[in-house]
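Fold and contact review
Spelled out, the chains give:
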Amino acid sequence: MDGDLLSELLAPLRLRGVFHSRWSARAPWGVAGERESCALVHYVQAGACTVELPGEEPVRLRTGDLAVFPHGSAHRLADEPGRATVPLESVLPARRPGAARTVRIDGPGAETVMLCGGLHYDAAAASPLYRALPAVLVLDRAALAGQPLLGGTLDGLAGEWDQDEPGQALVALRAFELVFVLALRAALGDGGTSAGRPVLRALRHPAVGAALLAVQTRFGEPWTVETLAAEAGMSRSAFAATFRRLVGEAPMRHLTARRMQEAARLLEETALPHDAIARRVGYGSVVGFHLAFRQWYGTTPGGHRRRVPGVQEPASRRR
């Protein structure tokens, strides 16, 4: 996978808060969590557990394995598949970013020890490609052995749990941020047990990867399917078919998603007039930009901007 594309994918995802917990659970046990508006990580320090997601085969995690949920997807954790579960909210209510908890579940069976984190980032910064990542990425113990910085950071987090040092909350935030980025790099690069997913193959495909990098970084250029195919070094038909198969959508729709993401960011964070934003995101006319934005978000650029406190429309654009 192209290192620049990886950086472009991950650089905007700086964490703004993390809730982390250490679990000691003895069988039989099972917990079901609803979808959360953050990424999630589960690192098994000792023992084993099973991850179950709707419509997916159960995933067995053993000592030294790491699971990353980029979108905070709903899932069940238990000592065995099919185990009866209790809601996560009943075990860990009010999971406030910046806090840490210890969870103990008593039972007569084998013990599983896990380090878990809810990693909060600005969802608006996530690229369309990030949003296409699988519900879960798994790095087993062997994969982590090839990532000494990632493995060392996880061991350090686990080892600091019982200590009460100054600045511990900030250290945990930065350490989990490093875990998040390194885990995604490992999964998207050499691949974990989710490496066969199409979007991960797209990221490592030399031709499609070149086109994805162009869309991510040069979205303001007047791209067509033909010029993106040329960027990839493929024929138009082969490129369009390969892109759709690996990314899951047509090249121009993926380009539109990236343009709309940037347009929304500019509307929310700047006072640039609509014509300037239109040019920045690759539209030759304000009318075309307005039509595309309304179709994508269900509101006009002005309506979107008015929802953001503190951002004023330029006087010439107020109605």
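Since this is a predicted model, take the numbers as computed values, not measurements. (Residues numbered from 1 in each chain as written. Predicted model: local features only at pLDDT ≥ 70, side-chain atom pairs only at ≥ 80, totals over all residues. Heavy atoms only, no water.)

1. Regarding the overall build of the protein
In terms of regular secondary structure, the protein is built from 14 helices and 11 strands. Whereas a compact globule of 319 residues would reach a radius of gyration of roughly 20 Å, the protein reaches 22 Å, a difference of no more than 12%. In terms of principal-axis extent, the alpha carbons of the protein reach across some 70 × 45 × 35 Å. Of the contacts made within the protein by residues no fewer than 6 positions apart, 75% connect residues no fewer than 24 positions apart. About 14800 Å² of surface is accessible on the protein, with carbon and sulfur atoms providing 52% of the total. Of the charged side chains in the protein, 37 are positive and 32 negative; the average position of the first set lies 8 Å away from that of the second. (Helix = DSSP H or I, 4+ residues; strand = E, 2+ residues; numbered from the N terminus. Rg over C-alpha atoms; globule rule 2.2 N^0.38 Å. Contact = heavy atoms within 4.5 Å. Areas by Shrake-Rupley, 256 points an atom, 1.4 Å probe, with all protein chains shown as cover. Lys, Arg positive; Asp, Glu negative; His and termini not counted. Charge placed at Lys NZ, Arg CZ, Asp CG, Glu CD.)

2. Concerning the UniProt feature "domain: HTH araC/xylS-type" (unreviewed entry) in the protein
Those places that UniProt annotates as "domain: HTH araC/xylS-type" (unreviewed entry) correspond, in this numbering, to residues 209-307. Along residues 209-307 the backbone is 74% helical and 0% strand, and the end-to-end C-alpha distance reaches 35 Å. (UniProt positions renumbered as here; feature names shortened; annotations may be inferred.)

3. A closer look at the side chain of Ser127
Mapped onto the elements, Ser127 comes out in the loop between β10 (111-121) and α3 (128-131). Looking at Ser127, the relative accessible area reads 2%, which means it is buried. Excluding its chain neighbours within four sequence positions, the residues that come into contact with Ser127 are Leu9, Gln216 and Gln261. (Buried < 20%, exposed > 50% of the residue type's maximum accessible area, 1.4 Å probe, protein only.)

4. So, empty space enclosed by the protein
All chains considered together, the criterion is met by 1 cavity of 30 Å³ or more. As for the largest cavity, its lining consists of Leu5, Glu8, Leu9, Ser127, Leu129, Leu212, Val215, Gln216 and His254. Elements with a minimum of two residues in the lining of the largest cavity: α1 (3-10) and α8 (206-217). Here the lining of the largest cavity is built from residues that sort into 5 nonpolar, 3 polar and 1 charged. (1 Å grid on protein atoms, 1.4 Å probe; cavity = no way out; pocket = protein on both sides within 12 Å on 5 of 7 lines; lining within 4 Å. Points joined across faces, edges and corners; volume = space filled by probe spheres on them. Nonpolar A, V, L, I, M, F, W, Y, C, P; charged D, E, K, R; others polar.)

5. What to know about the packing of helix α9 (residues 225-232) against helix α10 (residues 236-247)
Closest axis-to-axis distance for the α9/α10 pair is 9 Å, and the angle between their directions is 85°. Here α9 lies roughly perpendicular to α10, going by the angle between them. Residue-level contacts link Val225, Glu226, Leu228, Ala229 and Ala232 of α9 to Arg236, Phe239 and Ala240 of α10. Taken together, the residues that form the contact of α9 with α10 break down as 6 nonpolar, no polar and 2 charged. (Axes fitted to C-alpha atoms, helices over the stretch in contact; angles between N-to-C directions. Parallel < 35°, antiparallel > 145°, perpendicular 65-115°, else oblique.)

6. Focus: the pairing of β10
The side chains of a regular strand alternate between the sheet's two faces. Within β10, 10 of the 11 residues are buried, leaving the element largely enclosed by the surrounding structure. Sheet topology note: the strand β1 (residues 15-26)/β10 ladder contains 11 bridges and is antiparallel. Note that in β10 the partner of Trp23 across the bridge is Met114. Here strand β3 (residues 39-46) pairs with β10 via 7 bridges, running antiparallel. Across the sheet, residue Ala39 finds its bridge partner in β10, namely Leu119. (Pairing = 2+ DSSP bridges.)

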